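Listed below, chain by chain, are the residues.
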Amino acid sequence: MIMSRIEAPRDEHTGNLTDRLLAGLPAEAVLTDPDITASYANDMASFCPAGAPAVVVLPRTVEQVQHVMRTATELRVPVVPQGARSGLSGGANATDGCIVLSLTKMDRILEISPVDRIAVVEPGVINAALSRAVEEHGLYYPPDPSSWEMCTIGGNIGTGSGGLCCVKYGVTAEYVLGLEVVLADGRLMSTGRRTAKGVAGYDLTRLFVGSEGSLGIVVRAVLGLRPKPPQQLVLAAEFGSAAAACDAVCRIMEGGHVPSLLELMDRTTVKAVNDLAHMGLPETTEALLLAAFDTPDPTPDLAAVGALCEAAGASQVVPAEDAAESELLLQARRLSLTALEAVKGTTMIDDVCVPRSKLGAMLEGVEQIAAKFGLTIGVCAHAGDGNTHPTVCFDAQDPDESRRARESFDEIMALGLELGGTITGEHGVGVLKKEWLAREIGPVGVEMQRAVKQVFDPLGILNPGKLF
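Predicted model, so just to flag it, every value in this text is computed and none were measured.

Quick notes on the rules
Residues numbered from 1 in each chain as written. Predicted model: local features only at pLDDT ≥ 70, side-chain atom pairs only at ≥ 80, totals over all residues. Heavy atoms only, no water. Salt bridge = Lys/Arg side-chain N within 4 Å of Asp/Glu carboxyl O. Helix = DSSP H or I, 4+ residues; strand = E, 2+ residues; numbered from the N terminus. Buried < 20%, exposed > 50% of the residue type's maximum accessible area, 1.4 Å probe, protein only. Pairing = 2+ DSSP bridges. Axes fitted to C-alpha atoms, helices over the stretch in contact; angles between N-to-C directions. Parallel < 35°, antiparallel > 145°, perpendicular 65-115°, else oblique. Left-handed = near helix turned anticlockwise from the far one by under 90°. Contact = heavy atoms within 4.5 Å. Nonpolar A, V, L, I, M, F, W, Y, C, P; charged D, E, K, R; others polar.

For the coordinates displayed, the defined rule picks out 22 salt bridges. Residue R403 pairs with E407 through a salt bridge whose shortest N-O separation is 3.2 Å. Taken as a pair, R403 and E407 lie in helix α14 (residues 399–418) at a separation of four residues, close to a single helical turn. A residue is classified by how much of its surface remains accessible, and R403, at 40% relative accessible area, is partly exposed. In this structure, R439 and E435 form a salt bridge, with 3.1 Å as the shortest nitrogen-oxygen distance. With R439 and E435 both in helix α15 (residues 434–456) and four residues apart, this pair spans about one turn of that helix. The exposure class assigned to E435 is partly exposed, which follows from its relative accessible area of 45%. Here the salt bridges share partners, and the residues they tie into one network are K344, D400, E401, R403, R404 and E407.

Structure representation (structure tokens):
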């Protein structure tokens, strides 16, 4: 219904669209060369269709974003907001004839307040750049997606992204205190607060987090910060089976431990990382578990967790000797998805989150699915959250293998739902998982979400074709 209200601008209208945009934007902010606009057509997801944008706009100010949205509303042109396009669900993919609204030029850190423990930033700020900037003030911005060196805060907010530290510190949504949002008709709305507490009215801030640009354009964010913790130390534990590693995870969480990181890499992932980066990880293991603590003295915590790993059947437990060795292990984990892509050239990266108690069943099920379809599927996971990333490796030039990859991907999502989980823990729905969102939340849930969309975007011009 939403898509039916939108018609891509006909060729004779494209010039008018460009002229109208240029009335409120500098010439260098409006890109119309088809070879250039095509490079903005999609994010990093496989099997997600993308259209041809009519124009790409790179605003630098809130007022310029407002002008774009007013123009789009007047001309009934769809708008697809984008950050770094590092997403994995097709949520930033263009539609035919749309305005791609790239927010990467809005990259200023406007304020860092050590007293209020907040940062005020524009959406194009790179996650790692923010982390380093607040660190200079003795502060810490915890959300750290694996793509933190390139992904933007706006993209993190749009997808509700997570990261390696979520087991202790939580996800992006827990750090977004307030937003400034340009609505579909160009009006500017503020949500949330700068204060440590606040419950005035509906929590519209949380509504925008994870909305994938379908309700409004985030142009400014107030983010909560924490005091900078001590340098974390990492422990690596090798296991003879994924089930044993998952048992260790359950023992650690049941024991009341609060690691700053609890990550898992299966045999396939470990081998892929070694092949790519020659990091010397132990390929004899079936699963490698990484646990870290950032307490003032992590030694007792690491020792206790090491003992639990051994009780669960770990063949070897090795604490890192120093921060440099810890960082090397974390770098190996961050390379996992890139390394798995190198196995066959193309990947479909799933993002199924299950209850921690079902983590072992999830990994066992993925192994069975890989065997059923004759595919290589590596699994890395934010094990402390139950958030798994089964990654299907395949040759995109092989039609039969591509078909099997797609079918295996769907079976993995079905498995996650059967185990009481969710189809996405941090990557979002986008195009890739639209039908699965409907299965997870049901017809009444879809109806209510469509109703919310209608309130904020009655013409259906904001990121159409995503979510549902």
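What follows concerns the pairing of strand β10 (residues 217–224). The buried count for β10 comes to seven of eight residues, which makes it a mostly enclosed element. The pairing of strand β6 (residues 118–121) with β10 spans four bridges and is classified as antiparallel. Looking at the pairing, V121 lines up with A221 of β10. Judged from the six bridges that link them, strand β8 (residues 176–182) and β10 form a sheet pairing that is antiparallel. Bridge pairing in β10 links G178 to V222.

Here we take up the packing of helix α8 (residues 242–254) against helix α13 (residues 359–373). Where α8 meets α13, the axes come as close as 8 Å, and the angle between the chain directions of the two elements is 160°. If you check the angle between α8 and α13, you find them roughly antiparallel. The element α8 and its partner α13 pack so that their crossing is right-handed. Between α8, through A242, C246 and V249, and α13, the contact on the second element is made entirely by L359, G360 and L363. Of the residues in the contact of α8 with α13, the class split is five nonpolar, one polar and no charged.

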